[in-house]
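# Topology and contacts: notes
So you can see what is in the structure, the chains are spelled out below.
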Amino acid sequence: MGRAEERRARQRGGRRAAPPTRSSRTTPSEGIAPGEGIAPGGRAAARKAAARGKKSTKEGKSGIRRLFTWKKILGTFFAFSLLGIGAFVVMYMMIDVPKGNAKAQEQSNIYKYSNGSVMAREGDTNREIVDLSEVPKPVQRTFVAAENKTFYSDAGVDFKGIARGLFNTLSGKGKQGGSTITQQYVKNYYLDQDQTVTRKLKELVISLKVDRETPKDDILAGYINTSYYGRGAYGIQAAAQDYYRVDANKLSVEQGAYLAALLQAPSQYDWAVASDTGKKLVTARWNYVLDNMVEQGWLDKTERAGMTFPVPKEPKAAPGMEGQKGYFVKLAKQQLEKQLVAKEGITQDEAEARVENSGWTITLNIDKKKQAQLEKAVKTQLTSQLDPKKRPVDKNVQAGAASVDPKTGRIVALYGGTDYTKHYISNANRTDYQPASTFKPVILAAALENASETQGGKAIGANTIYDGTSKRQVVDSDGNKVGFGPENEDDANYGKVTVQTAMDKSINSVFAQMGVDVGMDKVLATATKLGMDTGKLRPLPAYTLGTMGASPIQMAGVYATLDNHGKQVTPSIIKSAEQGGTEFQMPDPIGEQVISREAADTVTSVLTGVVDDGTAKKAVQQNPARDGRKVAGKTGTSDDNKSAWFTGYTPDLVTSVGLFGEDYKTHGQSKLYNTAGLDRVNGGGFPAQIWAAYTFGVAAENTKFDLDTDQGAAVQPSWTPSPTLSRPETPSSTPTTDKPSETPSESPSESPSESPTESPSQSPPTSEQSTPVETSTSPNLPFDPGNGQ
């Protein structure tokens, strides 16, 4: 049988088959009988099945390929590109260059007291247009070098910057990346600061048209005359006057470079109020501008090398901002700008431009009665005692205070300084001085909140025993010394004392050890929750002495959170803010529960002992105007007597008062020794006296704390000291050289009851006696103070 016949036979299923191939042969041992092979039609069926599978796969793939071919993808891309180009052409034809509207949109801002009465109007725009010819050519080039080196040759737009701006807007990131000088001029003069896609597209089109129709010098003139430089100054002439007291035509290259650098962040880079970080950034920006000028051939390299940074003049206060008004307005604007940045994703300088002369009506939380009482207290208790002609140090005394309602978070009174027109920096909001021992309650709060224990395994509470020996070396959990042993005030040794007594006497050695027991990372975390700015602080033991920076507003917020049973209080001066009849929503000053009520109330209970039996006893507890009010608080005196504090509270009012030594010429920190003829200034002196004169004149009478705790002076029974006990002597307001006794009491019952009548029976005061003072002494361990200020 031929091969053709064999194949036909197999296809017909016949019995006859071709001899088995090599691959089909098998043996009996393999389980197939001799002579048996592949079933008839088996190979053909397999080939057909395989062919069908390949065809099916090929058809699936070809379907996807038919749907997404390179031609179709490229075609779609080009179609969308053409549509985009067409849309842009239509936009270009439809959008005309509008008339300048910067002047038309400027309106006065109105500021009101909490009762609705008008406090101040801020309206006349600080702007004077100057011709570009009045600005020296090198100064003109500082702006080009800072913002847009290709200004003289580009088409007026930065397409990468536009794309980046559109992407950031659509993704909710706000403005990031720069624009050309032409674009910024268009935004300033023709449009507004809104971060919308429509505005950015208009900016692109108008910038292209303006660049085609307007000479570059006119664009540059418009840019430097419409830009906002901070301090309420619009345009280079106003900026030259505000920062250097000269006209624009008298500006040097160095001064011009500073003004050009300033435009990136006017608020952050204003030398008069900038932080250390801000000063470093603007100095770097100033160098960048000058280096770019050398690169462009606009400045000789040798001349550049001899240039020094031109420190600007102090700000001039706007008319009508005298007294405390300027401080109110400045704080209100800062808080409104901060919220605009947070809610609308704009930059700080854009937020400033949105607030300045934009028709806002801002009602403040300032209570006229309380404000008048606070100003009166500062005058009667402090400024009337100063005599700058007799004592030069009296010229350096600065007072700041903030008073907050703990239930609402409203700043009801504020003292920023003697006069805003004379002292631009608000002492109520400055963070460049140490809060000193007013930080100790934060350490205790952290211990209670974290259920921390001593090295001996005892839970830390009001009655926990610590060693109050001065310069005692702090040890870690392994018993190793950490290289930190702070000195107590007057190097006094107290021996074994309770935490309550340590708070009353403000014993540094106790709280230094407590901070390590708790863990400084936890202490700083608690401080942040309570309202302090601790973002850049490292968890170093030295911060137990309060060596970071803080403001009276911050400390008022911390203590208000304690007074509010652990619910966070963020002090706010703004009651409401509206523009064009639409109210802008400000955040609620009362936040979440940040520490437990028991922890907060225990700290409050302990702090009543500071008033009744500690460093604030004479000024507060024995004050005849107290009239049964329950008071908690803490004094603080920083290293080298550069600041002194009292932050205290009744159930309905929290007030922080700080005294700061500031050299009246250089504005650097100075010492307060010999102020008003006293050897030194301490927290139990002027600050506590101002606090008491203010608080007892406005706070509700016969108020009591509602405390959920079984610890601390406020809930412990009355105590009558043993006649054999020798208690530390207490220096007077005019400190003496007498030191506290080194035979302290070890009794936990040293915390008195709240009854004001117990005090005379314990330690009748004399004219030579007052309360002990305390000082945060500089430790040997470096504590990085620059990071905290």
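Residues numbered from 1 in each chain as written. Predicted model: local features only at pLDDT ≥ 70, side-chain atom pairs only at ≥ 80, totals over all residues. Heavy atoms only, no water.

### Quick word on the overall build of the chain
What the chain contains, in helices and strands, is 25 helices and 16 strands. Burial status across the chain gives 51% buried among its 789 residues. Looking at the chain alone, contacts between residues at least 24 apart form 74% of all its contacts between residues at least 6 apart. (Helix = DSSP H or I, 4+ residues; strand = E, 2+ residues; numbered from the N terminus. Buried < 20%, exposed > 50% of the residue type's maximum accessible area, 1.4 Å probe, protein only. Contact = heavy atoms within 4.5 Å.)

### Structural notes on the environment of serine 133
Tracing the backbone through its elements, the reader meets serine 133 in the loop between strand S3 (126–127) and helix H4 (137–147). For the pair formed by serine 133 and asparagine 249, sequence separation is 116 residues and the distance between their alpha carbons is 8.5 Å. Engagement of the side chain of serine 133 in a polar contact is seen with the side chain of aspartate 131, the distance being 2.7 Å. (Polar contact = N/O pair within 3.5 Å; in protein donor to acceptor, adjacent residues only side chain to side chain.)

### A closer look at unusual backbone geometry
Located in the positive-phi region is serine 506, a residue other than glycine, with phi close to 55°. Secondary-structure assignment places serine 506 in the loop between helix H18 (499–505) and helix H19 (508–518). The phi torsion at alanine 676 lies on the positive side, around 55°, for a residue other than glycine. Counting through the fold element by element, alanine 676 comes out in the loop between strand S16 (653–661) and helix H24 (686–698).

### Quick look at the sheet that holds strand S7 (residues 411–415)
Within a sheet, neighbouring strands are paired by backbone hydrogen bonds and run either parallel or antiparallel to one another. A sheet is described by the order of its strands in space; here five strands give the open sequence S7-S6-S16-S15-S14, paired in antiparallel fashion. Edge positions in the sheet fall to S7 and strand S14 (632–637), since each of these pairs with one other strand and no more. Across this sheet, the average inter-strand angle for adjacent strands is 5°, counted without regard to direction. In this structure, strand S15 (residues 643–650) lies alongside S16, joined through eight bridges in antiparallel fashion. When the bridges of S16 are listed, threonine 647 appears paired with serine 656. Seen against the sheet, helix H16 (residues 368–381) touches strand S6 (397–404), S7 and S16 and runs at an angle of roughly 30° to S7. Where helix H21 (residues 552–563) meets the sheet, its contacts fall on S6, S7, S14, S15 and S16, and the angle it forms with S16 comes to roughly 150°. (Pairing = 2+ DSSP bridges. Axes fitted to C-alpha atoms, helices over the stretch in contact; angles between N-to-C directions.)

### Here's the deal with the nonpolar core
With 87 residues, the main nonpolar core has Leu336, Ile362, Leu414, Met514 and Ile573 as its most contacted residues. Residues in contact with isoleucine 362, not counting those within four places in the same chain, are Ile110, Tyr111, Lys112, Ala332, Leu336, Ile574, Ser576 and Ala577. Listed in part, the 47 residues of the second largest apolar core include Phe151, Ala240, Ala260 and Tyr269. (Core = buried A, V, L, I, M, F, W, Y, C linked by side-chain atoms within 4.5 Å.)

### Regarding a negative patch on the surface
On the surface, Glu128, Asp131, Glu134, Asp217, Asp218 and Asp247 cluster together into a patch of negative charge. Following the sequence through the fold, aspartate 217 ends up in helix H8 (residues 216–226). Given a relative accessible area of 34%, aspartate 217 falls into the partly exposed group. (Patch = residues over 30% accessible without salt bridge, like charges linked within 9 Å, V, L, I, M, F, W, Y side chains within 5 Å. Areas by Shrake-Rupley, 256 points an atom, 1.4 Å probe, with all protein chains shown as cover. Salt bridge = Lys/Arg side-chain N within 4 Å of Asp/Glu carboxyl O. Lys, Arg positive; Asp, Glu negative; His and termini not counted. Charge placed at Lys NZ, Arg CZ, Asp CG, Glu CD.)

### Description of the packing of helix H17 (residues 440–449) against H19
Contact geometry of H17 with H19 gives a least axis separation of 10 Å together with a crossing angle of 35°. For the pair H17 and H19, the sense of crossing is left-handed. The segment H17 lies against H19, with Lys440, Ile443, Leu444, Ala446 and Ala447 engaging Asn508, Phe511, Met514, Gly515 and Val518. In the contact of H17 with H19, the residues fall into seven nonpolar, two polar and one charged. (Left-handed = near helix turned anticlockwise from the far one by under 90°. Nonpolar A, V, L, I, M, F, W, Y, C, P; charged D, E, K, R; others polar.)

### Comments concerning the pairing of strand S11 (residues 574–579)
With five bridges joining them, strand S5 (residues 360–364) and S11 adopt antiparallel strand pairing. Pairing of threonine 361 across the sheet is with glutamate 578, part of S11. What sits between the antiparallel neighbours S11 and strand S12 (residues 582–584) is a turn of two residues, in which glycine 580 has the positive phi angle 60°.

### Section: the pairing of S15
Among the eight residues in S15, eight count as buried, and that is most of the element. Of the two faces of S15, the one holding Ser643, Trp645, Thr647 and Tyr649 and the one holding Ala644, Phe646, Gly648 and Thr650 are both buried throughout. Strand direction decides the pairing type here: S14 and S15, joined by six bridges, are antiparallel. Paired with glycine 636 across the strands is tryptophan 645, a residue of S15. Adjacent in sequence and paired antiparallel, S14 and S15 are bridged by five residues, among which aspartate 640 carries a positive phi angle near 65°. Remark: two residues form the turn of the hairpin made by S15 and S16, two consecutive strands paired antiparallel.

### Considerations on the environment of lysine 704
Among the structural elements, lysine 704 can be located in the loop between H24 and helix H25 (758–762). The spacing of lysine 704 and arginine 629 is 75 residues in sequence and 6.8 Å in space, taken between C-alpha atoms. Lysine 704 has contacts with Lys630 and Pro651, leaving out every residue within four places of it along the chain.

### With respect to the packing of aromatic side chains
In total, this model carries 18 aromatic pairs according to the counting rule given. Both rings, one in tyrosine 244 and one in tyrosine 258, keep their centres 6.1 Å apart while their planes meet at 85°; by these two values the pair is edge-to-face. In this pair, tyrosine 244 is assigned in helix H9 (residues 236–244) and tyrosine 258 in helix H10 (residues 253–262), connecting sequence segments 14 residues apart. Across the pair, tyrosine 258 and tyrosine 244 agree in class, each one buried. Through successive ring pairs, a cluster of aromatic residues spans Tyr243, Tyr244, Tyr258, Trp271, Trp286 and Phe309. A cation over an aromatic ring shows up here: lysine 330 above the ring of tyrosine 424, its NZ or CZ 3.9 Å from the ring centre. (Phe/Tyr/Trp six-rings, centres within 6.5 Å; stacked < 30°, edge-to-face > 60°. Lys NZ or Arg CZ within 6 Å of the ring centre and 35° of its normal.)

### A look at the confidence of the model for the chain
For the chain, mean pLDDT is 80; residues scoring 70 or higher make up 72% of the total. In this model, residues 718–773 is a region of pLDDT below 50 whose contacts with residues beyond four sequence positions or in other chains number 109 contacts. With pLDDT under 50 throughout, residues 775–789 is counted as low confidence; its partners more than four residues away or in other chains account for 44 contacts. (pLDDT = per-residue confidence, 0-100.)

### A short note on the side chain of serine 643
Inspection of the secondary structure assignment puts serine 643 in strand S15. The class for serine 643 is buried, based on a relative accessible area of 0%. A distance of 3.0 Å separates a polar side-chain atom of serine 643 from the backbone oxygen of glutamine 434. For serine 643, the side chain forms a polar contact with the side chain of tryptophan 645, separated by 3.5 Å. Setting aside its immediate chain neighbours within four residues, serine 643 contacts Tyr433, Gln434, Gly636, Thr637, Ser638, Leu659, Phe660 and Leu672.

### Looking at the sheet that holds S11
Strand order in the open sheet made by the five strands is S2-S1-S5-S11-S12, with mixed pairing throughout. Strands with a single pairing partner mark the edges of an open sheet, and in this sheet they are strand S2 (118–122) and S12. Averaged over all pairs of adjacent strands, the angle between their axes in this sheet comes to 20°, without regard to strand direction.

### Details of the packing of H17 against helix H22 (residues 597–613)
Remark: H17 packs on H22, axes separated minimally by 9 Å, with the N-to-C direction vectors making an angle of 140°. By the criterion of interaxial angle, the relationship of H17 to H22 is oblique. Crossing handedness for the pair H17 and H22: right-handed. Here Pro441, Leu444, Ala445, Leu448 and Glu449 of H17 lie close against H22, whose contacting residues are Ala599, Thr602, Val603, Val606 and Leu607. For the contact of H17 with H22, the residue count by class is eight nonpolar, one polar and one charged. (Parallel < 35°, antiparallel > 145°, perpendicular 65-115°, else oblique.)

### Quick word on H24
Helical geometry: 3.6 residues make up each α-helical turn, so side chains three or four residues apart lie on a common side. Its 13 residues give H24 an end-to-end C-alpha distance of 19 Å, which sits within 8% of 18 Å, the value for a rise of 1.5 Å per residue. Most of H24 is tucked away: ten of the 13 residues are buried. Among the residues of H24, those classed as buried are Phe686, Pro687, Ala688, Ile690, Trp691, Ala692, Tyr694, Thr695, Phe696 and Val698. (Expected span 1.5 Å × (residues − 1).)

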